[in-house]
Amino acid sequence: MKNDNFGLKNIHDFNSKKIVGIGESVEYSANIRHAVLSYLKHLILNNNCKVIVFENSANTCMIYGLYTQGILPENAIKEISKDMASDYPTTEFLVWLRKHNSGQSEKVRMFGLGFLSPTSTFDYLLYLQDAGIITNITLLPEILKNWRKTTKLGEYVHSNAATIKKYVGETDYNYLKSIVDENDNIFRYNGLYEFETCLDSINKIIDLKRWNMFEKIISGYLTPDGILAIVSRSVDLNRKNSTYERHNILPDKKLGYFISQKYGNRYFCLSIQIGIGTYGYNKKNFVLEYPENHSFEKFCMNSKAEYIYCKSETLPKTFNKLRLVRRKDKNEPQFVYMDLNKRFDAFIFVRNSAPLQAKIYSHDIIKKRKQNIKCV
């Protein structure tokens, strides 16, 4: 597929917006992934997008940011890509963004709203050490050795505030401190850091916490003339609330609700929909149901077009269904009833979907950290 297939040059709805949400209606679709990255590049090149937010771990995206800002050497992508699963962003996108940033005085920044991993915060400081940015982190080997039993990392970041600020600046330090403090809140389990046993609790972080983190990113990094793009599931970015059940609209408030409440029409919510094909999850492929009557996807399938961009306000009221698939609940009906106009500002239709094969994270994280540490 080519970028211009999506009609990007003719879309002007992003103008005058402050936040653009790009939603995935189906996760682990290679075609949706391509569309998302195409729109991100378009926003960066044409709409002064200076901040990108993904669902990835917040502290993992801090490492990606070191690479895309040119702080880490170019060959660091080989090491970084080893721990990248099939979440956003892709290796190709990181390389592209690094090249783009190299010619910019104001670089595009990257952040995450996903669950927090203390090991990624270790990596962030270690990468800074390897790049020669921070040189006096002699306590890190001892901190790493006892990472399950102590809160030494948080103590280190707080007690060495002046030193870290000197190298990364006030804004980045404050963001790092907020990440470390959140790590302490989430991973403390009966006084211990227990990453594995707390993972289920981490996945249940309410959207209000994500919204609070999102606001920290906006206040710290979004300039008056720049815009922010956020990539997540369509159900999380829609303007109202969650919508999983076929006949019931669940009342829980999602991230998009909080964004919409504060930013109103300065928030542009876009959802990418699929016609037919398959998607992948956990090394398996799953078939997408043929679009139901009165669905947006059925209308687009009848048009024979491969790609369609459509503002929701132009859709007839008879279109009252939309496909929203959660990767972990494949037995749920794929199509749900909703008022399309009130939930999304526009839709992208992509006719065919192929599965995006998952790359599983390595679980040997402690061994890797010990190998990478440089005692200074």
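For clarity, every value in this text was computed on a predicted model and none was experimentally measured.

Rules of the game
Residues numbered from 1 in each chain as written. Predicted model: local features only at pLDDT ≥ 70, side-chain atom pairs only at ≥ 80, totals over all residues. Heavy atoms only, no water. Salt bridge = Lys/Arg side-chain N within 4 Å of Asp/Glu carboxyl O. Buried < 20%, exposed > 50% of the residue type's maximum accessible area, 1.4 Å probe, protein only. Helix = DSSP H or I, 4+ residues; strand = E, 2+ residues; numbered from the N terminus. Axes fitted to C-alpha atoms, helices over the stretch in contact; angles between N-to-C directions. Parallel < 35°, antiparallel > 145°, perpendicular 65-115°, else oblique. Contact = heavy atoms within 4.5 Å. Phe/Tyr/Trp six-rings, centres within 6.5 Å; stacked < 30°, edge-to-face > 60°. Lys NZ or Arg CZ within 6 Å of the ring centre and 35° of its normal. Pairing = 2+ DSSP bridges.

K.L.:
With reference to specific residues and values, describe the pattern of salt bridges.
P.N.:
Inspection of every chain in the model, using the stated rule, returns 12 salt bridges. The salt bridge involving Arg 233 is made with Asp 236; its shortest N-O contact spans 3.1 Å. For Asp 236, a relative accessible area of 2% corresponds to the buried category. With a closest N to O distance of 3.0 Å, Asp 345 and Arg 239 form a salt bridge. Residue Asp 345 is located in the loop between helix H15 (340-343) and strand E12 (346-353), and its partner Arg 239 is located in the loop between helix H12 (234-237) and helix H13 (255-263); the two are separated by 106 residues in the primary sequence. Given the relative accessible area of 13%, Arg 239 is considered buried. Salt bridges sharing common partners tie together Glu 55, Arg 210, Arg 233, Asp 236 and Lys 254.

K.L.:
For the packing of helix H1 (residues 30-46) against helix H4 (residues 91-101), give the residues involved together with the corresponding values.
P.N.:
Their axes nearest at 12 Å, the elements H1 and H4 cross at an angle of 10 degrees. Here H4 runs roughly parallel to H1, going by the angle between their axes. For the pair H1 and H4, the contacting residues are Leu 37, Leu 40, Lys 41, Ile 44 and Leu 45 in the first and Glu 92, Phe 93, Trp 96, Leu 97 and His 100 in the second.

K.L.:
Account for the packing of aromatic side chains, naming residues and giving values.
P.N.:
Scanning the entire structure with this criterion turns up 12 aromatic pairs. A centroid spacing of 5.0 Å and a plane angle of 35 degrees characterise the contact between Phe 296 and Phe 347, whose relative ring orientation is tilted. Residue Phe 296 is found in helix H14 (residues 296-303), and its partner Phe 347 is found in strand E12; the two are separated by 51 residues along the sequence. Each member of the pair Phe 296 and Phe 347 is classed as buried. Through successive ring pairs, a cluster of aromatic residues spans Trp 211, Phe 214, Tyr 257 and Phe 258. Taking the ring centre of Tyr 67 as reference, the NZ or CZ of Arg 98 above it sits at 4.5 Å.

K.L.:
Pulling in residues and values, what's your account of the pairing of strand E3 (residues 109-114)?
P.N.:
Looking along a regular strand, one sees the side chains alternate between the two faces of the sheet. Among the 6 residues that make up E3, 6 are buried, leaving the element largely enclosed by the rest of the structure. Burial along E3 is two-sided: Arg 109, Phe 111 and Leu 113 and Met 110, Gly 112 and Gly 114, pointing in opposite directions, are all buried. By the bridge criterion, 5 bridges tie strand E2 (residues 49-57) to E3 in an arrangement that is parallel. Its bridge partner being in E3, Val 53 is matched across the sheet by Phe 111.

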